[in-house]
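# Structure assessment
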Amino acid sequence: MSDKCTHHKEKRRKLLRRCCAGLLIFNFILLVLILLIWAILQPKKPQFIIQDATVYAFNVSAPNFITSSIQVTIYSRNPNDKIGVYYDKLDIFATYRSQQITYYTAIPSVYQGHKDVNVWSPFVSGVNVPVAPYNGASLSQDQAAGMVGLTFKIDGRVRFKVGTYISRRYHLHVKCPARIDFGGRSSSGVIVGGNAVKYQLTQGCRVTV
């Protein structure tokens, strides 16, 4: 009886060793395949640039409300030559010192092929949007001084296409800083449409996927 138990235990140990060895080999092969695919595809994140901003309205009123209407031009490029990008959902809005000061504006869904470029010109706006008291005061001071630093953010969902394979959805976060000189001494604004001012920015954006 004792010999049989010992024999069964040894068989179990051998089976366990084989399972562990098989699992290690499988993981190794999988890792090699992932590294090989990565080396072939050399995936890169989409590139975003904010090219300009046209300010139609930007007013801070008491106690702490802001009304704004700004049209921004966003340049987007897919730098990959073997990977396509599906932009399933994109929303853009403006922030000041990390506080949202406009509503969300939807950007139409689009597929971006290899090395393709898309240019969007959405309006970002808000009417009597409440802001924190300290941000309202700082915003008024910055505007009076002639320079306001805003950040235009894009939140969305993207999928990647390689051949016929389409990945799951990933979160996309884009941050585009923009320093707008409201009538400052070095103002680069150009009056358009009678009451709007267009500012050339050409500022690279930070992209996180």
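Model, not experiment: these values are computed from the prediction. (Residues numbered from 1 in each chain as written. Predicted model: local features only at pLDDT ≥ 70, side-chain atom pairs only at ≥ 80, totals over all residues. Heavy atoms only, no water.)

## Description of the overall build of the protein chain
- What the protein chain contains, in helices and strands, is two helices and 14 strands.
- The buried share among the 209 residues of the protein chain stands at 35%.
- A separation of at least 24 residues holds for 71% of the contacts in the protein chain among residues at least 6 apart in sequence.
- Per element, the accessible surface of the protein chain, about 12800 Å² overall, is 59% carbon and sulfur. (Helix = DSSP H or I, 4+ residues; strand = E, 2+ residues; numbered from the N terminus. Buried < 20%, exposed > 50% of the residue type's maximum accessible area, 1.4 Å probe, protein only. Contact = heavy atoms within 4.5 Å. Areas by Shrake-Rupley, 256 points an atom, 1.4 Å probe, with all protein chains shown as cover.)

## Section: a nonpolar patch on the surface
- Nonpolar side chains collect at one region of the surface, where Leu-23, Phe-26 and Leu-30 lie side by side and expose about 300 Å² of accessible area between them.
- Considering the arrangement of structural elements, one finds Phe-26 in helix α1 (residues 2-41). (Patch = residues over 30% accessible without salt bridge, like charges linked within 9 Å, V, L, I, M, F, W, Y side chains within 5 Å. Salt bridge = Lys/Arg side-chain N within 4 Å of Asp/Glu carboxyl O.)

## Section: the side chain of Asn-64
- Summarising the element assignment, Asn-64 is placed in the loop between β1 (47-61) and β2 (65-77).
- Look past the residues within four positions of Asn-64 in its chain and what remains in contact with it is Val-129, Pro-130, Val-131, Ala-132, Pro-133, Gly-136 and Ala-137.

## Considerations on unusual backbone geometry
- With a phi close to 70 degrees, Ser-98 is a non-glycine residue in the positive phi region.
- Ser-98 sits in the exposed class, given a relative accessible area of 71%.
- For Asn-128, which is not glycine, the phi torsion reads 50 degrees and is therefore positive.
- Asn-128 gets classed as partly exposed once you look at its relative accessible area, which sits at 44%.

## Digging into the nonpolar core
- Residues Phe-48, Ile-50, Phe-58, Val-72, Ile-74, Leu-150 and Phe-152 are the most contacted members of the largest nonpolar core, which totals 39 residues.
- Elements with a contribution of two residues or more to this core: β1, β2, β3 (84-96), β8 (123-130), β9 (148-162), β11 (170-180) and β13 (196-204).
- Residues in contact with Phe-58, not counting those within four places in the same chain, are Ile-66, Thr-67, Ser-68, Ile-70, Ile-101, Leu-139, Gln-143, Val-148, Leu-150 and Phe-182. (Core = buried A, V, L, I, M, F, W, Y, C linked by side-chain atoms within 4.5 Å.)

Honestly, that's just the spatial picture; any functional story needs more than this.
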